[in-house]
Amino acid sequence: MMNSSLLTTGCRLGPSCISLLNRVAARTAATATSAASAPVTSESRANEQPQGTKDTEKKVKSARVSNSFVLNLYRGNFHPNELFPYPNVLNEEQKENVKVFIDPIWKFFEEKNDSVKNDINEKISEETMNGLKEQGAFGIQVPVEYGGLGLNNTQAARLYEVVTSHDLAVSICLGAHQSIGFKGILLFGTEAQKQKYLPKLAGGEYTAAFALTEPSTGSDAASIKTKAELSADGKYYVLNGSKIWISNGGFAEVFTVFAQVPSVDDKTGQVQNKMTAFIVERKFGGLTSGPPEKKMGIKASNTTEVFFEDCKVPVENVLGGVGNGFKVAMNILNNGRFGMVVGLSGTMKMAIRKAIDFAKNRRQFGRTIDTYGNIQEKLVRMETRQYITETLGFLLAQNMDRGSTEYQCEAAIGKIFASESAWFVLDEAIQIHGGMGFMRATGLERVVRDLRIFRIFEGANDILRLFVGFTGLQYVGTHLRELQNAVKSFNFNAIVGEGSKRLRRNIGMSSGPNINEFIHPSLHPCGLLLSKSIDRFGSTIEQILIKHGKSIRDEQFIVHRIGEMTIDLFTMAASLSRCTQSFKLQSPTAVHESNLVRIWCEEAHDRINSTIDTIQNPAFTARTKLMTEIAREMVDKESTVPVHPLGF
Ligand code: MYA
């Protein structure tokens, strides 16, 4: 294990500092690349080759700073490019273009759609389906030339907010159709595929579904078993296998299906599976659906198994190229996540309105309950979570519209934060209503049932937290390797930059990155807290990598907490950015927003400090070992372990 004194001794940018950096980098980079089951970038792979000085110089140059705000946090850096100022991508015309759809869609949901009836019937009414098709809601982001509304992500986000605030089951139907069902055709489709499918999908003549999950494959998406074998004449693939829990699975005509194409490796002669995406039509034959699943919530959304039995798919229906299926799946999921984030922000707003309405009218102990601190705290926490979710959703959508490509961690955080916040907000809304909250008539119990799945599907939150943590650790590993190369090739600038950052930290001089130049003066105390948190987080990550090396991949107790701290850091920064923009635009709610942000930042800063203290404490390591042991005993006994107090 790297002794902490090594970090402080001899770091004077002379030979001893170089030696220190060399040792830190060598130790860390050697371990960190394989550290996570997390992604290995092409740069880091390149750096694994043996190299001479010339090669090294080339590779040092090729190591790249990501534009992702989140990834740079892992190096203790504040990278404002995609966060400050808070984006504002729509011009007046684009705003008008989306406004014309909002009122009719809102009215449609208020007057025509009956979410209670849909829930009881476990089916979305024909009237709702047809009405939405007429309004263009099945082709919100399909370009106009293919028959859709042609809205960009930001405009679409505004509509998704409206839909999801009214009926989560309907939003799943629409989301499964366009956020993921045919999104692959938009992102990766050939011109011929777009022309063939998009017009019918946009008009709702065809509905779409996304078929990835299988009986033995949930989070581990790469391990799917469905097979797609090329026919002898090379004209089509024959699909065999099955998918489960497919939204719209019972009636979709078009499916984005993921399957393994077996192919023989030229060098080894071994058969390899190449995960590949296909556009599959029900009418190809060999595709059948099971009965609708009986579920806890989103009952009106149709969820079924889908079976493939010698289903013949023309080769021209390969989507995104043979062997690119995992990439296609991940990109579709990343790209669709903003819809869930903004949608759940709308759901929270609806619940908050109901809670306020109840609280200001309900009298207990001689006062309306909104005047009690207990209720006030609930309302403020509910609004804060909704505000941040909205901030993350529209940040994501707008960044995507302005060409961001490295938003996978930001999208994952948005999904985690939105689904957990919505759960919290709905639970508190029910609590504020007291017994009334438990009654169906209040309209909250259905929403809670509907919401439960959001923490599970489209990437389980537990997995996404680990994904964020491992991806960040991987990024640092790559850069520490770069530093090691800089040392080998005497790249003086890189060494000085990194060395002085470490030196400042290690002698306690570091005050963190300078953030306040981006932030409204009234928020400077929060900016300082963020700066300190980023600095401490960055140095903690480095220490963790040095301590655990490649075994970090087995340290889910820690990586989970790293993911959690990342969420706190990102939400602090995003809310500071949005609020600063509100001051700049002289928004009448800027001061109100800044009060929410202040509470959030102060508490998030405390949480981060407390988590770092915890994971650095040997008692934590001891507790995690205990937990592993206790869990093993439970699993062995297949029950709780303690003897019953009555002894029988
Ligand atoms: S659909 C089913 C949802 N299923 C999932 O989400 C599966 C979750 N699993 C995963 O995401 C992956 O398997 C994980 C990685 C993350 C576990 N972006 O070695 P690896 C790259 C970009 O880490 P694994 C549903 O629920 C990585 O960099 N790239 O992979 C329907 C590396 O690249 P390279 C990524 O350990 C719900 C390579 O892949 C990403 O196997 C209906 C390998 O990485 C990523 N995210 O697993 C909802 N991940 O090799 C309806 C990995 O180049 C919607 N990589 O270094 C409703 C919404 C409401 C909207 C409102 C509408 C109105």
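Position labels on residues start from 1 in each chain and follow its written sequence. Whole-chain, interface and lining totals are the exception, using all residues; otherwise, since this is a predicted model, local features are given only for residues with pLDDT of at least 70 and side-chain atom pairs are given and counted only at 80 or more. Excluding hydrogens and water, the side-chain values take into account all heavy atoms of the structure.

Of regular secondary structure, the protein possesses 23 helices and 10 strands. Only protein chains enter the area calculation, which uses a 1.4 Å probe; residues under 20% of their type maximum are buried, those over 50% are exposed, and those in between are partly exposed. Burial analysis of the protein (648 residues in total) assigns 53% to the buried set. Note that accessible areas follow from Shrake-Rupley with a 1.4 Å probe, and for residues the cover is restricted to the protein chains shown. For the protein, the accessible area works out to roughly 29000 Å², and carbon and sulfur atoms hold 54% of it. Secondary structure elements are taken from DSSP: a helix is a run of H or I of four residues or more, a strand is a run of E of two residues or more, and numbering for both begins at the N terminus.

In this scheme Phe, Tyr and Trp rings, the latter by its six-membered ring, pair at centre separations within 6.5 Å, and the angle between planes marks the pair as stacked below 30 degrees, edge-to-face above 60, and tilted otherwise. On inspection of all chains with the given rule, the structure shows 12 aromatic pairs. With a centroid separation of 5.8 Å and an interplanar angle of 90 degrees, the aromatic rings of Phe108 and Phe109 are classed as edge-to-face. An angle of 70 degrees between the planes, with centres 5.1 Å apart, marks the rings of Phe454 and Phe457 as edge-to-face. Taking the relative accessible area as the measure of exposure, Phe454 reaches 3% and is therefore buried. Both a distance and an angle decide whether a charge sits over a ring: NZ of Lys or CZ of Arg must be within 6 Å of the ring centre and within 35 degrees of the ring normal. Over the ring of Phe138 we find Lys133; its NZ or CZ atom is 5.5 Å from the centre of that ring. The aromatic ring of Trp423 is capped on one face by Arg452, whose charged end is 5.6 Å from the ring centroid.

Another aspect to go through is the pattern of salt bridges. Between Lys or Arg on one side and Asp or Glu on the other, a salt bridge is scored when a side-chain nitrogen of the former is within 4 Å of a carboxyl oxygen of the latter. Here the structure, examined in full by the defined rule, presents 24 salt bridges. Between Glu420 and Arg465 there is a salt bridge, with the nearest N and O atoms lying 2.8 Å from each other. Taken together, the positions of Glu420 in helix 15 (residues 408-433) and Arg465 in helix 18 (residues 461-488) put the pair 45 residues apart, joining distant regions of the chain. Given the relative accessible area of 25%, Glu420 is considered partly exposed.

Considering the arrangement of structural elements, one finds Thr478 in helix 18. We classify Thr478 as buried; its relative accessible area is 5%. Spatially, the C-alpha atoms of Thr478 and Arg64 are 9.3 Å apart, while their sequence positions differ by 414 residues.

This part covers the packing of helix 20 (residues 524-548) against helix 21 (residues 556-584). Here helix 20 crosses helix 21 at 155 degrees, and the two axes come no closer than 11 Å. By the angle between their axes, helix 20 is roughly antiparallel relative to helix 21. For the pair helix 20 and helix 21, the crossing hand works out as left-handed. Touching Cys526, Gly527, Leu529, Leu530, Ser533, Ile534, Phe537, Ile541, Ile544 and His548 of helix 20 are Ile558, Ile562, Met565, Thr566, Leu569, Met572, Ala573 and Leu576, all from helix 21. Residues are sorted three ways: Asp, Glu, Lys and Arg are charged, Ala, Val, Leu, Ile, Met, Phe, Trp, Tyr, Cys and Pro are nonpolar, and all the rest, Gly among them, are polar. Broken down by class, the residue content of the contact of helix 20 with helix 21 amounts to 14 nonpolar, four polar and no charged. Under this scheme, a helix contributes an axis fitted over its contacting stretch, all axes are lines through C-alpha atoms, and angles between N-to-C directions fall in the 0 to 180 degree range. For classification purposes, angles smaller than 35 degrees are called roughly parallel, those larger than 145 roughly antiparallel, those between 65 and 115 roughly perpendicular, and all remaining angles oblique. Handedness of a crossing follows from how the near helix is turned relative to the far one, being left-handed for an anticlockwise turn of less than a right angle and right-handed for a clockwise one. In this description, contact between two residues means that some pair of their heavy atoms is separated by no more than 4.5 Å.

It is worth spelling out the state of the cysteines at this point. By convention in this document, the label disulfide applies to cysteine sulfur atom pairs within 2.5 Å. Following the criterion strictly, the structure yields zero disulfides and no others. Considering cysteine sulfurs only, Cys526 is the nearest to Cys601, which forms no disulfide, with 4.4 Å between them. You can call Cys601 buried: its relative accessible area is 0%.

Here we come to the side chain of Glu406. Within the secondary structure layout, Glu406 lies in the loop between helix 14 (373-401) and helix 15. Polar contact is defined as a pair of N or O atoms within 3.5 Å, subject to the rule that within protein one atom must be able to donate a hydrogen and the other to accept it, and that residues adjacent in sequence are counted only when both atoms are side-chain atoms. Reaching out from Glu406, the side chain makes a polar contact with the side chain of Ser66 at a distance of 3.1 Å. A distance of 3.2 Å separates a polar side-chain atom of Glu406 from the backbone nitrogen of Asn67. What Glu406 contacts, discounting residues up to four positions off in sequence, is Arg64, Ser66, Asn67 and Ser68.

Along the polypeptide, Thr164 turns up in helix 9 (residues 153-166). Given the relative accessible area of 8%, Thr164 is considered buried. Setting aside chain neighbours within four positions, we find Thr164 in contact with Ser171, Gly343, Leu344 and Thr347.

With that settled, the discussion passes to the confidence of the model for the protein. Model confidence for the protein is summarised by a mean pLDDT of 88, while 86% of its residues fall at 70 or above. Here residues 1-62 is modelled with pLDDT under 50, and outside its nearest four sequence neighbours on either side it reaches 110 contacts, counting other chains as well. A residue's pLDDT is the predictor's confidence in that residue, given on a scale from 0 to 100.

Time to look at the pairing of strand 2 (residues 227-230). For two strands to pair, DSSP has to find at least two bridges joining them. Pairing of strand 2 with strand 3 (residues 236-247) involves four bridges; the strand directions are antiparallel. In the sheet register, Leu230 faces strand 3, and the bridge partner there is Tyr237. Here strand 2 folds back onto strand 3, and the loop between the two strands holds five residues, one of which, Gly234, carries a positive phi near 70 degrees.

This paragraph deals with a negative patch on the surface. Surface patches are drawn from residues lacking salt bridges whose relative accessible area is over 30%; two like charges belong together within 9 Å, two nonpolar side chains (Val, Leu, Ile, Met, Phe, Trp, Tyr) within 5 Å. As used throughout, the charge tally considers Lys and Arg to be positive and Asp and Glu to be negative, leaving His and the chain termini uncounted. One atom stands in for each charge, and that atom is NZ of Lys, CZ of Arg, CG of Asp or CD of Glu. Together, Glu629, Glu633, Asp636 and Glu638 make up a region of like negative charge exposed at the surface. Among the structural elements, Glu638 can be located in the segment after helix 23 (618-637). By relative accessible area, Glu638 is classed as exposed at 73%.

This paragraph deals with helix 9. Here the expected length of a helix is defined as 1.5 Å per residue gap, with one fewer gap than residues. The terminal C-alpha atoms of helix 9 lie 20 Å apart, and with 14 residues this matches the ideal 20 Å at 1.5 Å per residue to within 8%. Of all 14 residues making up helix 9, 13 are buried, and the element is well covered by its neighbours.

With that out of the way, let us pick up the nonpolar core. The set of buried Ala, Val, Leu, Ile, Met, Phe, Trp, Tyr and Cys residues whose side-chain atoms join them within 4.5 Å is what this entry labels a nonpolar core. Of all hydrophobic cores here, the largest spans 121 residues; its most connected members are Tyr74, Leu344, Ile432 and Ile562. The contact partners of Tyr74, leaving out residues within four places of it in the chain, are Val468, Gly469, Gly472, Leu473, Val476, Phe537, Gly538, Ile541, Ile562 and Thr566.

For the rest of this paragraph, the subject is helix 13 (residues 325-361). Relative to the 54 Å expected for 37 residues at 1.5 Å per residue, helix 13 spans 54 Å between its end C-alpha atoms, a close match to the ideal helical length. Of all the bends in helix 13, the largest measures some 30 degrees and sits at Gly336. Within helix 13, 26 of the 37 residues are buried, which leaves it mostly tucked inside the rest of the structure. To get the bend at a given residue, fit one axis to the seven residues ending there, fit another to the seven starting there, and take the angle between those axes.

Turning next to the environment of Lys295. Tracing the backbone shows Lys295 in the loop between strand 6 (287-289) and strand 7 (303-314). Placed 155 residues apart in sequence, Lys295 and Asp450 show a C-alpha to C-alpha distance of 9.4 Å. If we ignore the near neighbours within four places in the chain, the residues touching Lys295 are Ser301 and Thr303. Polar side-chain contacts of Lys295 include one of 2.9 Å to the side chain of Thr303.

So, on to the pairing of strand 5 (residues 271-281). Pairing analysis gives 11 bridges linking strand 4 (residues 254-264) to strand 5, with the strands arranged antiparallel. Along strand 5, the bridge assignment pairs Phe258 with Ala277. Counting the residues that bridge the hairpin from strand 4 to strand 5 gives six residues, and of these Gly269 lies at a positive phi of roughly 75 degrees. Sheet topology places strand 5 next to strand 8 (residues 318-319); two bridges connect them, and they run antiparallel. Following the sheet pairing, Phe278 is matched in strand 8 by Val318.

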